[in-house]
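The primary structure of each chain is shown beneath.
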Amino acid sequence: IILFGALSMPAKEIHIPNKVKRMGNAEYTAYVYFEVNTKGKIINVKILNDEKHAIPKELEREAYNAVSSLPQLKPAKNHGKTVGIRYQVPIKFTVN
């Protein structure tokens, strides 16, 4: 499940790769940017983590795949007109 504030959306099951598990207990956050176009399709998925907020590449891939696998969403409306919208969401991983 991916949370957008109080709203949650089903996503593909997120797996913590064994390589990351062997690194030991830790918490990671992937910051994911994406857009929902006027047809409700998720486009332009990007991981925004920088060096200061670096996480293992395997977890970046999991976060990317989770957002990319979301079902088609209802497009946004502005003054009655269907418009695209941008999101930036954190996806938290706890490894133990």
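Located above this text is the structure these notes cover.
In this numbering scheme, every chain counts its residues from 1 along its sequence in written order. pLDDT decides what is reported in this predicted model: residues at 70 or higher carry local features, side-chain atom pairs at 80 or more are listed and counted, and totals for whole chains, interfaces and linings draw on all residues regardless. Only hydrogens and water are set aside; all other atoms, that is, all heavy atoms of the structure, feed into the side-chain values.

A short note on the pairing of strand E3 (residues 26-36)
What counts is decided by this rule: Accessible area is worked out with a 1.4 Å probe on protein chains only. A residue is then buried under 20% of its type maximum, exposed over 50%, and partly exposed in between. Each helix is a run of DSSP H or I of at least 4 residues and each strand a run of E of at least 2, with the numbering of both proceeding from the N terminus. Only strands that DSSP links by at least two bridges are regarded as paired with each other.
Extensive coverage of E3 is indicated by the burial of eight of its eleven residues. Relative to strand E4 (residues 42-47), E3 is paired through four bridges, and the arrangement is antiparallel. Pairing of Val36 across the sheet is with Ile42, part of E4. The turn linking E3 back onto E4 is made up of five residues, and Gly40 within it adopts a positive phi angle of 90 degrees.

Side note on unusual backbone geometry
A positive phi angle, near 55 degrees, is found at Asn44, a position not held by glycine. Looking at Asn44, the relative accessible area reads 40%, which means it is partly exposed.

Points about the sheet that holds E3
Note the cut-off: What counts as an axis is a line fitted to C-alpha atoms, over the stretch in contact for a helix, and the angles between N-to-C directions run from 0 to 180 degrees. Any two residues having at least one pair of non-hydrogen atoms within 4.5 Å are treated as being in contact.
The strand order across the open sheet formed by three strands is E4-E3-E7, and the pairing between neighbours is antiparallel. Strand pairing shows two members of the sheet lacking a second neighbour, E4 and strand E7 (85-95), which therefore form its edges. Strand-to-strand twist in this sheet, taken as the mean axis angle between neighbours without regard to direction, amounts to 25 degrees. The sheet strands contacting helix H2 (residues 57-68) are E3, E4 and E7, and the helix crosses E4 at an angle near 165 degrees.

Some points on H2
For an α-helix, the turn length of 3.6 residues means that residues three or four places apart are oriented alike. Just so we agree on the cut-off: Expected helix span is computed as 1.5 Å times (number of residues minus one).
Helix length check: H2, at twelve residues, gives a terminal C-alpha distance of 16 Å against a target of 16 Å (1.5 Å per residue), a fit within 8%. Among the residues of H2, those classed as buried are Glu58, Leu59, Glu60, Glu62, Ala63, Ala66 and Val67.

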